[in-house]
Amino acid sequence: MHTIWLGGAEWLAVLRIGLGLWWLESWRHKDKKDWFAGGGIAWAAGVAAKHRWSVVRTGFDRVVKPRPRLMAYVVAYAELALGLGLIVGLLTPIALVCGLVLNLLYLVLMIHDWGEQGQNLMMALISATGLMAVSWQSWSLDSVLGLFPA
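Anyway, here's the lowdown on the structure attached to this text. Source: prediction; values computed, not measured.

1. Structural notes on the overall build of the protein chain
Point 1. In terms of helices and strands, the protein chain carries eight helices and zero strands.
Point 2. The N-to-C order of helical and strand elements in the protein chain reads α-α-α-α-α-α-α-α.
Point 3. Structurally, the protein chain occupies a C-alpha span of about 50 × 25 × 25 Å along its principal axes.
Point 4. A fraction of 73% describes how many contacts in the protein chain between residues 6 or more apart in sequence connect residues 24 or more apart.
Point 5. For the protein chain, the computed accessible surface area is about 8,700 Å², with 70% contributed by carbon and sulfur atoms.
Point 6. Each charge sign in the protein chain was given a centre, from 12 positive and 9 negative side chains, and these centres are 9 Å apart.

Here it is in structure tokens:
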């Protein structure tokens, strides 16, 4: 593959690192005090309660609502772990799959708010591209450690 300046594997690494920075920013911009006190989950509960699909309401009520504090920590630290993992390229395929699933969950929860969907769709697309194109071939700890051969 001929590209300008970097090779194809390096451009995929740039895309992977950029996605990692996006996840890191998602974690960084949260008001942690409010988030861990239940603010984020309370907001999501309000969204889920009015959701047009009953499966989303039911799923939220069964999985998230009984554990608001735990779920607040899971969401926040999942975003942090995804960001760091993608930036340094550690366990990259796992991070890409988990990020794709998290973005799809966000997408389904916020299906009525198309203003939010652009970010989730773009992040999901980058995750799928990075996974299918083996974006851990370059500039990654996975490559250095030989964890996931291409």
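2. Quick notes on the environment of Asp 61
Point 1. With respect to the secondary-structure elements, Asp 61 resides in helix 4 (residues 54-64).
Point 2. Look at Asp 61 and you get partly exposed, because its relative accessible area is 41%.
Point 3. Through-space distance from the C-alpha of Asp 61 to that of Ala 45 is 8.1 Å; in sequence the pair is 16 residues apart.

3. Concerning the side chain of Ser 127
Point 1. Secondary-structure assignment places Ser 127 in helix 7 (residues 114-132).
Point 2. A relative accessible area of 1% places Ser 127 in the buried class.
Point 3. Beyond its immediate sequence surroundings of up to four residues, Ser 127 is in contact with Leu 19, Leu 96, Gly 99 and Leu 100.

4. Topic: unusual backbone geometry
Point 1. Of note, the phi angle at Trp 5 is positive, near 75°, even though the residue is not glycine.
Point 2. If you trace the backbone, Trp 5 turns up in the segment before helix 1 (8-28).
Point 3. The backbone of Val 134 shows a phi angle near 55°, a positive value even though the residue is not glycine.
Point 4. With respect to the element layout, Val 134 can be found in the loop between helix 7 and helix 8 (141-145).

5. Overview of the packing of helix 1 against helix 6 (residues 92-109)
Point 1. At their nearest, the axes of helix 1 and helix 6 sit 12 Å apart, and the two run at 50° to each other. With respect to helix 6, the element helix 1 is oriented oblique. In terms of crossing hand, the pair formed by helix 1 and helix 6 is left-handed. Facing Arg 16, Leu 19 and Trp 23 of helix 1, the residues of helix 6 in contact are Thr 92, Leu 96, Gly 99, Leu 102, Asn 103 and Tyr 106.

Calculation criteria
Residues numbered from 1 in each chain as written. Predicted model: local features only at pLDDT ≥ 70, side-chain atom pairs only at ≥ 80, totals over all residues. Heavy atoms only, no water. Helix = DSSP H or I, 4+ residues; strand = E, 2+ residues; numbered from the N terminus. Contact = heavy atoms within 4.5 Å. Areas by Shrake-Rupley, 256 points an atom, 1.4 Å probe, with all protein chains shown as cover. Lys, Arg positive; Asp, Glu negative; His and termini not counted. Charge placed at Lys NZ, Arg CZ, Asp CG, Glu CD. Buried < 20%, exposed > 50% of the residue type's maximum accessible area, 1.4 Å probe, protein only. Axes fitted to C-alpha atoms, helices over the stretch in contact; angles between N-to-C directions. Parallel < 35°, antiparallel > 145°, perpendicular 65-115°, else oblique. Left-handed = near helix turned anticlockwise from the far one by under 90°.

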